[in-house]
Amino acid sequence: MRNVIYYALMLLLGFAWYRFGQNLLRKGHRDENGELTKGLVGPVGFLLTGVVACCLFFAVLRALVRGEVSCVGRGCEVQVYTLAANSGEYWANLFYLVWCVLALGYAMYVTLKIWFRA
């Protein structure tokens, strides 16, 4: 039951993140106060987000190829979950990594769309 709640909350958070980005894209060049619409991140934040997203994407690819993923979290620093021995934890950690990559990628996409409006 805990896994169902975890996955449902992650999907709900993803949907809220998507709706927030769509609301930003729907705004014009200026908001109701007359100020320019800003993206989710600034220039330095964009570079940092890109670096983190690339590192997480590499971790996802590495986990898929090797069949093992390092534990994501504070309580299990050096634990490695393998697909053969710990498939539930493996897929949970892989799902979290993929979710983070998609969320950061979407933030970068929304920011670029706002920056390069015609």
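Since the structure is predicted, the reported quantities are computational estimates derived from the model, not experimental observations. (Residues numbered from 1 in each chain as written. Predicted model: local features only at pLDDT ≥ 70, side-chain atom pairs only at ≥ 80, totals over all residues. Heavy atoms only, no water.)

(A) Molecular detail of the confidence of the model for the chain. Across the chain, the average pLDDT comes to 87, with 99% of residues at or above 70. No element of the chain has a lower mean pLDDT than strand S2 (residues 80–82), at 84, and none a higher one than helix H2 (residues 43–66), at 93. (pLDDT = per-residue confidence, 0-100. Helix = DSSP H or I, 4+ residues; strand = E, 2+ residues; numbered from the N terminus.)

(B) Representation of the nonpolar core. Counting 10 residues, the largest nonpolar core consists of Val60, Ala63, Val69, Cys71, Cys76, Tyr81, Tyr90, Leu94, Leu97 and Val101. Among the secondary structure elements, those contributing two or more residues to this core are H2 and helix H3 (87–115). For Tyr81, the contacting residues outside a window of four places in its chain are Gly67, Glu68, Val69, Cys71, Asn86, Glu89, Tyr90 and Asn93. (Core = buried A, V, L, I, M, F, W, Y, C linked by side-chain atoms within 4.5 Å. Buried < 20%, exposed > 50% of the residue type's maximum accessible area, 1.4 Å probe, protein only. Contact = heavy atoms within 4.5 Å.)

(C) The packing of helix H1 (residues 2–26) against H3, seen in detail. Two elements in contact, H1 and H3, have axes separated by 10 Å at closest approach and are oriented at 5°. In this view, H1 runs roughly parallel relative to H3, as classed from their interaxial angle. Across from Tyr6, Tyr7, Met10, Leu11, Leu13, Gly14, Trp17, Tyr18, Gly21, Gln22, Leu24 and Leu25 in H1, the residues of H3 making contact are Trp91, Ala92, Phe95, Tyr96, Trp99, Ala103, Tyr106, Ala107, Tyr109, Val110, Lys113 and Ile114. Of the residues contributing to the contact of H1 with H3, the split by class is 20 nonpolar, 3 polar and 1 charged. (Axes fitted to C-alpha atoms, helices over the stretch in contact; angles between N-to-C directions. Parallel < 35°, antiparallel > 145°, perpendicular 65-115°, else oblique. Nonpolar A, V, L, I, M, F, W, Y, C, P; charged D, E, K, R; others polar.)

(D) Just the pattern of salt bridges, in detail. This structure, assessed with the given rule, holds 1 salt bridge. Notably, a salt bridge pairs Glu68 with Arg66, separated by 3.1 Å at the nearest N-O pair. (Salt bridge = Lys/Arg side-chain N within 4 Å of Asp/Glu carboxyl O.)

(E) Main features of the environment of Val72. Summarising the element assignment, Val72 is placed in the loop between strand S1 (68–70) and S2. For the pair formed by Val72 and Tyr96, sequence separation is 24 residues and the distance between their alpha carbons is 8.2 Å. Dropping the residues within four chain positions of it, Val72 is found in contact with Asn93, Tyr96 and Leu97.

(F) Representation of the side chain of Thr49 within the structure. Position of Thr49 relative to the elements: it lies in helix H2. On the basis of relative accessible area, Thr49 is assigned to the buried category, the value being 12%. The contact partners of Thr49, leaving out residues within four places of it in the chain, are Val41, Leu104 and Met108.

(G) Structural detail: the packing of aromatic side chains. Summed over all chains, the structure comprises 7 aromatic pairs. Their ring planes at 75° and their centres at 5.0 Å tell us that Tyr7 and Phe95 sit as a pair that is edge-to-face. Residue Tyr7 is located in helix H1, and its partner Phe95 is located in helix H3; the two are separated by 88 residues in the primary sequence. With relative accessibility at 25%, the residue Phe95 sits in the partly exposed group. (Phe/Tyr/Trp six-rings, centres within 6.5 Å; stacked < 30°, edge-to-face > 60°.)

(H) The arrangement of the state of the cysteines in detail. Under the criterion given, the structure shown has 0 disulfides. With no disulfide of its own, Cys55 lies 7.1 Å from the sulfur of Cys54, the closest cysteine sulfur. Not engaged in a disulfide, the cysteine Cys100 finds its nearest cysteine sulfur in Cys55; these two sulfurs lie 13 Å apart. (Disulfide = S-S within 2.5 Å.)

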